[in-house]
Each structure stands twice: as structure tokens, then as C-alpha cells.
Amino acid sequence: MNKLIGRVLATEKSPTTMDEFNFWTNSDQRLHAFDIVKVMHLDSSFTFGVIENISHITDAQSFLTNFISSDFGDVEIEEPTLRVGMNYAKAKVSFNTKNLYTPVHNNAKVFLASADEISMALGLDRIQNPLVCGALKMYEGTEEEVNLPVYLNSKFILGPEGAHLNISGISGLASKTSYAMFLMKAIQDNYLNTEQDDSVAFVIFNVKGRDLMAIDRPNDFATDGHGEKEQTHSYYTSLGLTTRPFQNVKYYIPYTSNNSPKQSTYLPKNDIEEYIRNNQLKKFKYIYSDDKENIEMMFSDIDDPAQTMESIISKIIDNDDRDFRDLKTWNDFMEKVSEKAQKGSTGDKGDISVLSWRKFSRVVRKAIQDDMFANAFTPQNSECRLADELKQIGKNEIRVIDIAKLPEDKQAFVFGDAVRTIYNLKLGEYDSEPKVKPPSRIVIFIDELNKYASKEIPKTSPILRQILDITERGRSLGVVLFAAEQFRSAIHPRVTGNCATHAYGRTNSIETSSGDYRSLPTTYQNMLTRLEQGDYLIQNPVFRTLLKIRFPKPIYKQFK
Amino acid sequence: MSQNKNCSFKPKHEKVMHILAEETGGKSYKAHKYGLDHSDRPSIDYGDNEIVWKRKAETTQHKTYVDLSKRAKQLASRDDQILSYFLDGSRRVFKVDDIAYTESGGRSVIYPVIAGQIGVGCCQRVDRRIEHTKFKRELVLSLPDVANADGKPGFWPAMAKKLSECDELKRLGIEFSTILEYKTMKIGNDKVIYEDRATACVQDRMIEREKELVAELVREGRLNQDNYLIKDGSLEYRPGKEDKADKKKYSIFKNNYRWVLGASKNFNPEVCKVLGDKSNPGFIADLPLFHRTPVAEYENDMLSDIKFAVWYIRLRDKKQTRTPFDGVIKVEKILVTEEENRDGIDSENVDTLSAYLINERNPVCYGTDLRWANHIYPVFLTESYVKSRYLSTESFLHLF
């Protein structure tokens, strides 16, 4: 039996409409934004509404009334009678059981809904290809508290119906990476445990410390309180997920010679060695002859209005160019570039000025000053070319690429190269090569998307172009971008615009006052500024409304 | 077309006025309908001239004001309460039509038809919250005595029953509980205002209902020394003929009011003859904050041998109200026991009750009610509750 908690209010000034209504409740009734209520309506149907805001009013006409009620400002005064007050809640209509969207009537009974009714009201009961994306809690803190797993239609997050996920929220408080990892865990579980025509693989970039460098190791919950492990495990089980960490994981770290004091990874030597023994880790290198096409990635953050850099790069990758066609190593290449930049050099028949060559030389020289730009790689020493490895990604595999310790320009270079490889792989460019059997969907996860696709990035940036390609065409190709950033408003609108799923984590009020959040009701905007860690507002085309969900702590090893 | 005609004829028979005119042999004029009530505004009640002030009515013979601020503060710090029930009756009176009756000599005289809504409600305070306890509502009509041509006693009840059976009222689920007859005879040379007489009938009916409600509360054992009832307005209840006829009944009537206080917002300061026999409104006007006057006793011929104790309390500082009488309430209590009748009420008790009433000064209904300075919030809530239960003026007038 549903609990009756109030009645609908319809007045001249605040009428009920097709999409919203107000109802009163007792002042002590605990309700929260996003809670669902059920209202009796015509033809024994029920209308469901999502609470958007709750107000408390009393019969005091003005603040002055209250002031006078304290003997004109005596703060100690207690009143023998409590002023008459009530709460009224504003709710958005989400669903009617008989499709009747005429406004609900004045004084109609308002109930709390049961778990099944909540599923129905939110459209969660009819989701095909269900993929758990978290759990929602209704009527928190009351006897009627309801916990429900929330499912997405996987075709609306991995394609082909809708694809891409954007997660925003401030660092540390929003747990963006944890949420993306939770979703990927759910996807991997889903594909590992069921026979499907589709297959999926993941390419994950580790951008901070060694956060994602042990995702196949279980979480020991060493820094958590007693019983946390059991609680988290049962949380995973209640969502229909296994308690295993990620499966089939391989790690890639930038190559540095063993003698070099500076390493390009935060992973300790022991771990590297252990991973190598387990055949789980390789060090990637860039070889001039194979990777010269990626030189343009070094220029992703550099303004090139006259497109002189682009002309230089075209010249370099031109196989018929007499200056550059026979070069084999990065050293040869730099020598040639230096030569071009020499004073008195004729340039390239005057097409490209010496000044442009000098600018090019400056950028490239700095960029390739790293061990990973090498002349050759030795597979026996667990060295590899990243692109070769990514081409061979198979179903249910996870490839973690560690770029955490690289400087920003090199991070962009690695990211750009990997994304281009995946994109080309799904375009079928490598189909003729041996061992290339790409899964039907590849998920790429990158944190700090703002570095590559912010509004300020020059339009000519090859990485931005690549990301736009993925967000606009990836849905049908099977390349899915899971991206996270602190401030959604900083991201290129064509990127966010093409994401089917949006997860809003805790953010600040400056951010919520930007245009990107204008479509959210003010209460929800304010809520975003006080969301707890692990709470997200999720927007997806299959949901009738925004949902507030939470998700369990990571199941893989954590470094604190 | 023919259907339309039918429709336009049918309702005529169902209207209340039509039935009334037909049954009483009068002619309805379909006059303008309007309310006869004054709005709630602060006023001085200039009536009650016939009340005679007698001796002091408390055990301690105070000569001047009694300071209660300490006691009020002391009581406020304790978490108990003896003012538990609050009662208010109200009525809305409308002139709904004029009706003509032929009198001697064939001349026809027009009389107003008055309809009233009466609501009497009682609320209880539990844990500082107000909850409704009882409510009575009734719709009454008041017609001139000449409308009952035969003068038979059963005429009006039969008439009320007949009205309640008409389709329109049945459909709405409402009925007129009674029809009150107002006198049309002239007294002396004064101009007769029939509306006032009819209104007085409705008012009397309301007071009867209030008395019934108090009796009910007493019967249910709700009122006692720890649970007083505060009644809005004066306690000047006339014992009815029935009450007086039976001695036992009369004592029950008086006993019902043992734990009842009347708190009036409006009063006539002229009647206050505390110092000697002279009227001295200034005595109340100068009442200091959180003080009470000594208790006076008065009798009234109209009220038979019932004696009342009356005193005034200032709840609000004169500086903060518009007139010196704002912020002062008049408290009444019926002297019930023999001791009370002989020696007056226990002054200690008066002080305690007054202190509790002083603590009722907050919260206020400032902004909602112009009489906020004299209002007691739980009474205000009871009044609001009763009023909220009325049929809207439009729907009510539409019945006629």
C-alpha cells in the first residue's frame, strides 16, 4: 500500500499543467529532489512526477510578521504555539499509466511510489540491452527508502543508436575516473558473461599518477574502514556485477632507457618487471619512418593561421620529397630541419620561409627530446610501437596507455597517435594486415578532455579534428569516446553536443551559471554544487528525466 | 430548440427562493444579493451599556495594576501549558432577496430574506501544534414571522425539510438546518431594521451552537484545571429558557464554564468603572505592559443571576500599537462555585491564567489580520479554520 503524503495544489496563480504540478505535504515529510511521487488521476490512472523543488511556507505575511512575533526582535523568545506551516513540492510530470497528460486535479491524492512503480515512471522497466549505470535511492532516510539499479540501453551508449559519454565535475570531489571505470567494468562484465553478436574493447589513458595502472588487481580497501570491502562487494552483486577487477588488461608505458635517471612513468620498477614477466606490459617507442605522419600532433596547440607548419608537415610526409624521402631516423630528420633553418638557406624555392622552418625546428626539437623517439624497437625487450599494438586489440581486451608523467605536448602526441590509429582501424585501413581483428566497438577513455578539445584549442588542431571525427562519425564506426573534464563549459560544443550520455558530477556555481547548464532547473543547478562524492546526475535519451544516481567504490586497486 | 426550452424552464422550480415564495404565499422580487457583514477591523465596541459593574471579584483586593512580567517569563521557561482548547464561532449573513406579503387592507409589505452560514470550531493545542477537534457548520434562513401565515409551530421545520429536498441542494449535498423567524412588530417609535433583527436571530443561533460545543467538550471530559478553553469574544451567554427551568440543568450550564475563559479583542472601555463609580477609560489605556487590572465583577439582568469576573491584560507595548486600546485584551470568566460567587476568584489563579495569556502574545498574525495586536494566535488559527470551511460567497448566493 502506498503511503499518502499530500494533495495536489491548483490555484489561479499556480495551476497544474501538462508538465508540472505542486502538492503540499506535512513539514516533517522527508523528500528529496529527484524523488518520484504518484498522483491519482482520471480513469483510475496514475501520474508520476519527479520532485524538482520543495518550499516551506507559514502563514506569516512578511518577514516583519516574524520579527514582531519575537516581541519586536527579542531573539530569546519562544512561541507557545508553532506557526502554521507546510511544505509544498514542485514536481515535473514524467509519466501517466494511461497516457493521460491532462493536468492533475486539485486535491488529488499524492503517494510515495513503490520500487516497481518508480521503474515504470522513469521508463527503466522497458530498457532493452540493459547495462547497469549505477543505483538510485528514493525517499532517503525514511522507512520507505527504495534502492534500485539503473540500467541504460547499451545501444545508446556504445552505439549505434547513440554513443559517447561525457563526464564533468571538479577534481577529487566528483570521482569522474571512478565513474567511467565503473561503467567500463559494467560493460566488460556484460560482454564477458553473455554471448553477443557485438564485441567490445577498451583503450584507456592513464593521466594521473598510477591510478589506472593496476586495474586488473583487486582493491584491498586498506585505507577504508572495517567492512567496507564486504559492503562494496555486495553493492556490486546487487547491481548484477561480478566482484572481479578488470580482465584482459595490458599496459603501455613510454620507453625510457634503464640507465636514464628520469623515468616516464610513475610505476615503480618492481611493478614494471612483474608486469613484463606476466607479459602484460610493453614500453612504446616512436620510430621516424613509421611515425613521421604523426609529427602534426606536436602542433595541436600551436596557432598556424598561414598554414605554414601544415605545408612543412606535408612536405615531410611526402614520399616523393627529395629532401625528406630517404630519412630514416629522428636525428637525420632534425639535421635536415636544422639545415633548412640555417641562415642563408634558400628554403624550399622560397615557398616556405626560413623563419617558418625555424619555428618548426623549435617545436619539434623540444618535442622529440625523449627516449621514446627512437631509431628502432626490440620486441624481446618488451618494446613496441603503440600503433602496432593497438591495431591488434581484440574483443574484451583493455589497453591502458600511461601518459601521466609525459609533458603536455608529448601527452597530446601519444593521445593523438592512439586515437588516429583506433579510428583508422575501425575505418578498415589495416584490415589487410595480419592479426588485425578489431572488435565491433572500441571505447576510448580520456580524462582531461579539455587539453585536447577545449573551445580555446586552435581550429587547425589535428587532435581536435580527430576527436570531432570520432564524436560525429564514431557512433556508426564503432569508436566510442568516454571523456571527462572539470568544466564542461570549456569543451568544444560539437564534442559535448554529440554525446548521448552526460554525467554531471559535483561542480561549482561559476560553472553552473554558464550556458551549458541553462537547460537544467535552478534547483538541479544548485544541487550540482553540493552533490556528494559518487553522486551523479545522468542524462540519456532513454530516460524520461535526469536521474540522480550513485555508484560503488572502485573494485580495482587504489593508490592513495 | 425544444430541448433548450426545457432546459431553461426546469431550473426555475429548483431555486430556493422560488420554493419559499410558493410555500409562504409571498412574492419574490429577485433583489440584489449582498453580504451584511462588516469586515474584521479593529473597533471599539460601544454597546453593553446596561452592564453594571459591581465589586471586585478576586480574593486579593488589588488597588491598582498587577505586574505579571516575571510570572510570564517564569511560565515561558517551563514547558507546560494549560490553555489547551480554543473555540471560535462565526457567521456570514447575506440578504438574498426581498419578499412581499399582503397584509391587512390588501397592502403588500416587503421584507428581506436573510440567509446565514454559521460555523463553530474548536482546536486543540498538542505539542505546540494546533489540531482541529470539532467543527459544526450550518446554513440557516431567516424570514419574517408573517411568512408563517397560520402561525403553526411545525411550519418552519417542515419548510426547511422541503427546501432540503429540492434537487439543487440535494445534488450539492447541502441543506438548511432551520428557518429562523424574525419579529416584524414595531417597538415604540424606533425605525425597524429587519435586516438587523434577522441577523440577530442568526447570531443567537450561532451562540447556541457554541454553547452546545462547550457542553460537548465538558461531557467528553476534555476540560479541566490543566486544560482550559479560550473562547473568542465575550462569554455573555444567556441561559436559555430550558436552562433556567430546571435547577439541575442550570447548574450544569454554569458548570460547563468552569474551565472556560473568554478573550475579547474588542470591548467598551467606557464600562470600566474601577475607581469608584466613575467611568474611567484611561485606566485601561494606561495599563502598563504585561500588567493586568484588578478583577471586577458584573451582573446583568439579561444574564439572570450569572456573575462574571472581568479583567484586562496588556499584551503589547503602547509604543508599538496604533491606539492605547490595541494590545489589551478583555478576559472574562463565569463565577461558578459558591466560593467564587462569595469571595471572587483566587487571585493567584487569575495571575497564572493572565501570565499564560501574556505568553500567547507571540506569534502574531501581523499582516493577515488588522487586529493582530489584540489577537491570540491559536484563536486566530481557529477562526481561520472555521472560515476556511465556509461555502464560497458565490456558490452560496447562487443557491437563491
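Reading the values: rules and limits
Residues numbered from 1 in each chain as written. Chains lettered and ligands numbered in written order. Predicted model: local features only at pLDDT ≥ 70, side-chain atom pairs only at ≥ 80, totals over all residues. Domains from an automatic or database assignment. Contact = placed C-beta atoms within 7 Å. Helix = DSSP H or I, 4+ residues; strand = E, 2+ residues; numbered from the N terminus. Nonpolar A, V, L, I, M, F, W, Y, C, P; charged D, E, K, R; others polar. Pairing = 2+ DSSP bridges. Axes fitted to C-alpha atoms, helices over the stretch in contact; angles between N-to-C directions. Parallel < 35°, antiparallel > 145°, perpendicular 65-115°, else oblique. Left-handed = near helix turned anticlockwise from the far one by under 90°. Buried ≥ 20, exposed ≤ 12 C-beta atoms within 10 Å, placed from the backbone.

*Asks:* Hey, could you go over the domain arrangement of chain A for me, with residue numbers and the actual values?
*Replies:* All names here are of chain A. Assigned domains of chain A: these are domain 1 (4-122), domain 2 (150-288 + 370-550) and domain 3 (289-367). If you average the C-alpha positions of domain 2 and of domain 3, the two centres end up 32 Å apart. Facing the 18 residues of domain 2 at the interface are 18 residues of domain 3. Every element with two or more residues in the side of domain 2 that touches domain 3 is listed here: β12 (281-287), α11 (408-427) and α13 (462-477). Counting residues per element, the side of domain 2 that touches domain 3 draws most heavily on α11, at six residues. Split into classes, the residues belonging to the side of domain 2 that touches domain 3 amount to 10 nonpolar, four polar and four charged.

*Asks:* How would you sum up the sheet that holds strand β4 (residues 46-58) of chain A? Please name residues and give values.
*Replies:* Residues and elements named next belong to chain A. Within the closed barrel, the six strands sit side by side as β1-β2-β5-β4-β3-β6. Their pairing is antiparallel. Within the sheet, the average angular offset between the axes of one strand and its neighbour, ignoring direction, is 45°. For strand β2 (residues 20-25) and strand β5 (residues 85-96), the ladder comprises six bridges, and the chain directions are antiparallel. Note on β5: the bridge partner recorded for N22 is K90.

*Asks:* Please set out the packing of α11 of chain A against α13 of chain A residue by residue, giving values where relevant.
*Replies:* Residues and elements named next belong to chain A. At a minimum axis distance of 10 Å, the contact between α11 and α13 shows a crossing angle of 30°. Here α11 lies roughly parallel to α13, going by the angle between them. For the pair α11 and α13, the crossing hand works out as left-handed. Here A412, F415, G416, V419, R420, Y423, K426 and L427 of α11 lie close against α13, whose contacting residues are P462, I463, Q466, D469, I470 and L477. By residue class, the composition of the contact of α11 with α13 is nine nonpolar, two polar and three charged.

*Asks:* Can you break down unusual backbone geometry residue by residue, with the values?
*Replies:* A negative phi angle characterises most non-glycine residues, just as the trans form characterises most peptide bonds. Residue and element names in this part refer to chain A. Here G159 and P160 are connected by a cis peptide whose omega angle stands at 0°. With respect to the helices and strands, P160 occurs in the loop between β8 (146-153) and β9 (165-168). One non-glycine residue, N107, lies in the positive phi region at around 70°. By the secondary structure assignment, N107 is in the loop between β5 and β6 (109-112). Accessibility expressed as a C-beta count within 10 Å gives 13 for N107, which makes it partly exposed.

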